[in-house]
Amino acid sequence: MQTLDSIRPPGSIVIDIENLTKDYVMGEEIVRALRGVSLQIRRNEYLAIMGPSGSGKSTLMNMLGCLDTPTSGRYEFNGKHVAKMNDDELAAIRNREIGFVFQTFNLLPRSDSLRNVELPLIYAGLDPETREERATQALRDVGLGDRLHHKPNELSGGQRQRVAIARALVNQPSIILADEPTGNLDSKTGAEIMSILETLYEHGHTIILVTHESDIARHARRTVHLRDGLIESDEFVQPGEVPSLAYT
Amino acid sequence: MKRLIYELGESWKIAAAQMRASKTRSILTALGVIIGIVAVTLMGTAINGIQTGFDKSMSVLGDDVLYVTQWPWKRVDDWWNYRDRKKIKTEYAETINRMIEKAPNSNLVVAVPTSSLMRSIKYGGNEVENVFTLGTTSDFIITSTVDCKEGRFFNEIESRGAANVVVIGYDVADALFPSESPINKSVLINGQLFKVIGVNTRQGTFLGLFSWDSMVAMPLTAFNKYFSTKSESDVRVKLKDKTKLADAKDELTGLMRRVRGLPPEKKDDFTINEQQAFKSTLDPVKNTIAFAGLFITGLSLFVGAIGIMNITFVSVKERTKEIGTRKALGARRRTILLQFLIESTALCLVGGFIGLSFAFLMCSGLGKAFPDFPIHFSVGLVLMSMIVSVMTGLISGFAPAWTASRLDPVTALRYE
Ligand SMILES: Nc1ncnc2c1ncn2[C@@H]1O[C@H](COP(=O)(O)OP(=O)(O)OP(=O)(O)O)[C@@H](O)[C@H]1O
Ligand SMILES: [Mg+2]
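In this text the structure is predicted, and so the values were computed from the model without any measurement.

1. Topic: the nonpolar core
All names here are of chain A. In this structure, Y46, V117, L139, I165, L197, L200 and L209 are the most contacted members of the largest nonpolar core, which totals 37 residues. For this core, the secondary-structure elements that each account for two or more residues are strand 3 (46–50), helix 3 (113–124), helix 4 (128–141), helix 5 (157–169), strand 7 (175–179), helix 6 (187–202), strand 8 (206–210) and helix 7 (214–217). Not counting chain neighbours up to four residues away, the residues in contact with L197 comprise Y46, I165, P181, I207 and L209. If you look at the next biggest cluster of nonpolar residues, it comprises 34 residues, including L34, L39, F102 and L177.

Spelled out as structure tokens, the structure:
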């Protein structure tokens, strides 16, 4: 186990949560998905959240992504209290500061790659020319420069996830949140996706990853283990041997 | 504001793409609106037509003419008060004219007597029965809005000299003289020969209302000579300035009271009518027709609107995950609300446009089939139906769009 400093110079704190809880009320029963989680994440960290099914990984991820509000606890994003934000401010944070990558890709089925990647830029209010330019660039960055006008059903699973990554990147967010990004892919395509994330990390992006698989988690520099809504362990690790695959 | 326009523009693009992607469904849904708009527009056109027809028929009466009659031009509940009134005599016109001449600031121009009866008219083998036969003076044309298509109205000499001349309406001329000019031909009325000196311009008949086309006019002197029996007589008086109608009416009332020799404590034993009063007795009928018609056709539009609401709800349900994704990517509530509102409005607008085109075609067809019925497809109507379509879209889309905008992002993303 090593300290963060030995890997990279520390960035400023992006995410700062303390004693975060989340309860789901299901009729009589209360499901305590998170039971007091404290975590600090700095700029340009590469963090994997692991844990058994139902341990609260996705719940924590949604909380970090400002998609959901905690039952109690403090959450500061870039020094601002998330609890005090209204719906529009949360939408703005999700739009500009956070890039989501979902297990099921969540691309709009009837729109082509370009249009899908443009979406966050539309919500940011950019004009059509800038949008197209930046979306095209983002797609090139993930190696899909020749698939701009393909609809999701004309792409392979790995290509779809790359479109989703381009979409997450296009607004230059502070952090990228990926909930089991390789969960629906075979191991080879999964490795491709992981090498893209690796490159993003090397270019200075902050990446938070949820995964079951320790093979995948090995790419990260820090691993947080959740169990029953609590942090079981939080350790910095040396990355395993990551072959530096070129994107294609 | 700029932001809103930007979002509106983007939402239009999404709506257009959505419609293109599910063509069949969009067309079927829009069908309800199409039918509704066709119904409402046709009904609107019909109501307009009725209005125009009434106005045109009323214009025969002239808006600057007062009518002195025994019975008022409206329904009366106390008919017994009017039954015993003295008849209006044609001689009153002369007396009133003399009074008008003496009054320097009179609001009145001239009084014209009219008597009428229903009579049959024959020419050769052709006969028209029950023709409204009018006896009047040459001054009649001052009070009338109708021109002669051929020939002329009778002049003062003929009027005073009881000449056997008639001016006939368009339909009468058409029936008696199908293939020749009626001018200078002699027609038989009540066994008397009358020379036709004029034919009136076609006016058109509307819903059986009074029309010039089916009447004839002759000098009052001749009329009295041959048909003295039981004719109805009125006096019509032309105004100088139709904006001073009330003043003129007061003046004429004064004159008529002097003619009748009424002491101040007695009530008027005559009625002075004008076009407007007659119109207002018809207005309730017209308004009831208009209201009932629009209400019934409005119902079909309402059904169309429910169809739109339903499909928008389905669309929101189907795209729950998409809504979640959009929210995760930074869509605000307002953006989602706008997107679905515009989708339903776009559907309604397309439906409205198609419906309007159909209605236009049908109106042209109807116009050809019934030339007498005044059908007008006005710009106002087009605007109105477009506004109605947009309103339908907004109202029917609002509930589903609101639901969509309020969806919790996490719940929406988890939706399968
Ligand atoms: N909307 C909800 N309503 C009720 N309970 C919920 C809801 N969302 C999550 N839970 C519960 O919260 C707990 C944590 O769920 P979560 O989805 O965070 O697990 P996870 O760690 O992501 O699991 P997996 O690895 O299977 O994705 C589970 O017990 C789940 O049943
Ligand atoms: Mg999960």
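2. Here's the deal with the site of ligand 1
Lining the immediate surroundings of ligand 1 are 15 residues, of which A:S53, A:G54, A:K57, A:S58 and A:T59 lie closest. For ligand 1, a nitrogen atom lies 3.0 Å from a polar atom in the side chain of B:R414. Computed on the free molecule, ligand 1 has an accessible area of 630 Å², of which 71% lies beneath the protein chains in the complex. Elements that contribute at least two residues to the shell around ligand 1 include exactly strand 1 (13–26), strand 2 (29–42) and helix 1 (57–64) of chain A. Top contributing element to the shell around ligand 1 by residue count: helix 1 of chain A, with three residues.

3. Describing helix 4 (residues 91–102) of chain B
Residues and elements named next belong to chain B. Here helix 4 spans 18 Å end to end across twelve residues, near enough to the 16 Å set by a 1.5 Å rise per residue. Listed as buried for helix 4 are Y92, A93, I96, N97, M99 and I100. Buried residues of helix 4 fall within an arc of 165 degrees about the axis and therefore sit on the same side. Away from its buried face by more than 90 degrees, helix 4 exposes E94, E101 and K102. Contacts from the buried residues of helix 4 go to strand 2 (108–123), strand 9 (232–239) and helix 9 (245–260).

4. Some points on the pairing of strand 2 of chain A
Sheet faces and side chains relate simply in a regular strand, where the side chains alternate between the two faces. All names here are of chain A. As paired elements, strand 1 and strand 2 share eleven bridges and run antiparallel to each other. Bridging from a neighbouring strand, Y24 pairs with V31 of strand 2. The hairpin turn running from strand 1 into strand 2, its antiparallel successor, is two residues long, and G27 in that turn takes a positive phi close to 65 degrees.

5. Thoughts on the domain arrangement of chain B
Residue and element names in this part refer to chain B. For chain B, the domain assignment lists domain 1 (2–57 + 280–414) and domain 2 (65–273). Relative placement of domain 1 and domain 2: their C-alpha centres are 52 Å apart. Domain 1 puts ten residues into the contact, and the matching count from domain 2 is nine residues. Buried area between domain 1 and domain 2, summed over both chains or domains, comes out near 750 Å², and the portion from carbon and sulfur atoms is 59%. Of all residues in domain 1, S57, T281 and D372 give up the largest surface area on contact with domain 2, accounting jointly for 55% of the area buried on that side. On the surface where domain 1 and domain 2 come into contact, there are zero salt bridges. Summed over the shared surface of domain 1 and domain 2, the number is zero residue pairs in polar contact (both at pLDDT 80 or more).

6. Points about the environment of A:H219
Residues and elements named next belong to chain A. Mapped onto the secondary structure, H219 falls in the loop between helix 7 and strand 9 (222–227). Residue H219 is classed as buried on the basis of its relative accessible area of 13%. As a C-alpha pair, H219 and Y46 span 173 residues in sequence and 8.2 Å in three-dimensional space.

7. Focus on helix 11 (residues 320–328) of chain B
Residues and elements named next belong to chain B. For helix 11, the tally of buried residues reaches eight of nine residues, placing the bulk of the element in the interior. Taken as a whole, helix 11 has its buried residues at T320, E322, I323, G324, T325, R326, K327 and A328. Looking one or two residues past helix 11, G330 carries a phi angle of roughly 115 degrees, positive in sign.

8. Re the sheet that holds strand 9 of chain A
Residue and element names in this part refer to chain A. Strand order in the open sheet made by the six strands is 6-7-8-3-9-10, with mixed pairing throughout. Looking at the sheet topology across the chains shown, the edges are occupied by strand 6 (98–101) and strand 10 (230–236). Between one strand axis and the next, the sheet turns through 15 degrees on average, direction left out of account. Taken together, the four bridges between strand 3 and strand 9 define a ladder with parallel strand orientation. Bridge pairing in strand 9 links L47 to R222. Contacts from helix 5 reach strand 6 and strand 7, with the element oriented near 170 degrees to strand 6. Here helix 6 sits on the sheet in contact with strand 3, strand 7 and strand 8, set at roughly 150 degrees to strand 8.

9. Side note on the sheet that holds strand 1 of chain A
Strands in a sheet are paired, the pairing made by backbone hydrogen bonds, and the direction either parallel or antiparallel. Residues and elements named next belong to chain A. One open sheet accounts for four strands, arranged 2-1-4-5; its pairing is antiparallel. Either end of the sheet is taken by a strand with one partner, and the two such strands are strand 2 and strand 5 (80–81). By the bridge criterion, five bridges tie strand 1 to strand 4 (residues 72–77) in an arrangement that is antiparallel. Bridging from a neighbouring strand, I15 pairs with F77 of strand 4. Taken strand by strand, helix 1 contacts strand 1, strand 2 and strand 4, and its axis lies near 125 degrees from that of strand 1.

10. A look at a negative patch on the surface
Side chains of A:D127, A:E129, A:E132 and A:E133 sit close together on the surface and give a patch of like negative charge. Along the chain, A:E133 turns up in helix 4.

11. Looking at the interface of chain A and chain B
Counting residues at the interface gives 26 residues for chain A, matched by 24 residues for chain B. Summing both sides of the interface, chain A and chain B together bury roughly 2,300 Å²; the carbon and sulfur share of this comes to 54%. Three residues stand out in chain A for area buried against chain B, namely A:L67, A:R110 and A:Y123, and they jointly supply 28% of the buried area on that side. Our enumeration of links across chain A and chain B arrives at four salt bridges. Ionic pairing is found between B:E10 and A:R115, a salt bridge with its closest N-O pair at 3.5 Å. Inspection of the region where chain A meets chain B yields ten residue pairs in polar contact (both at pLDDT 80 or more). Contributions of two or more residues to the side of chain A that touches chain B are made by helix 2 (87–96) and helix 3 of chain A. Within the side of chain A that touches chain B, the residues separate by chemical class into twelve nonpolar, five polar and nine charged.

The rules behind the values
- Residues numbered from 1 in each chain as written.
- Chains lettered and ligands numbered in written order.
- Predicted model: local features only at pLDDT ≥ 70, side-chain atom pairs only at ≥ 80, totals over all residues.
- Heavy atoms only, no water.
- Core = buried A, V, L, I, M, F, W, Y, C linked by side-chain atoms within 4.5 Å.
- Buried < 20%, exposed > 50% of the residue type's maximum accessible area, 1.4 Å probe, protein only.
- Helix = DSSP H or I, 4+ residues; strand = E, 2+ residues; numbered from the N terminus.
- Contact = heavy atoms within 4.5 Å.
- Near = heavy atom within 4 Å.
- Polar contact = N/O pair within 3.5 Å; in protein donor to acceptor, adjacent residues only side chain to side chain.
- Areas by Shrake-Rupley, 256 points an atom, 1.4 Å probe, with all protein chains shown as cover.
- Expected span 1.5 Å × (residues − 1).
- Arc of directions from axis to C-beta.
- Pairing = 2+ DSSP bridges.
- Domains from an automatic or database assignment.
- Buried area = accessible area lost by both parts, 1.4 Å probe.
- Salt bridge = Lys/Arg side-chain N within 4 Å of Asp/Glu carboxyl O.
- Axes fitted to C-alpha atoms, helices over the stretch in contact; angles between N-to-C directions.
- Patch = residues over 30% accessible without salt bridge, like charges linked within 9 Å, V, L, I, M, F, W, Y side chains within 5 Å.
- Lys, Arg positive; Asp, Glu negative; His and termini not counted.
- Charge placed at Lys NZ, Arg CZ, Asp CG, Glu CD.
- Nonpolar A, V, L, I, M, F, W, Y, C, P; charged D, E, K, R; others polar.

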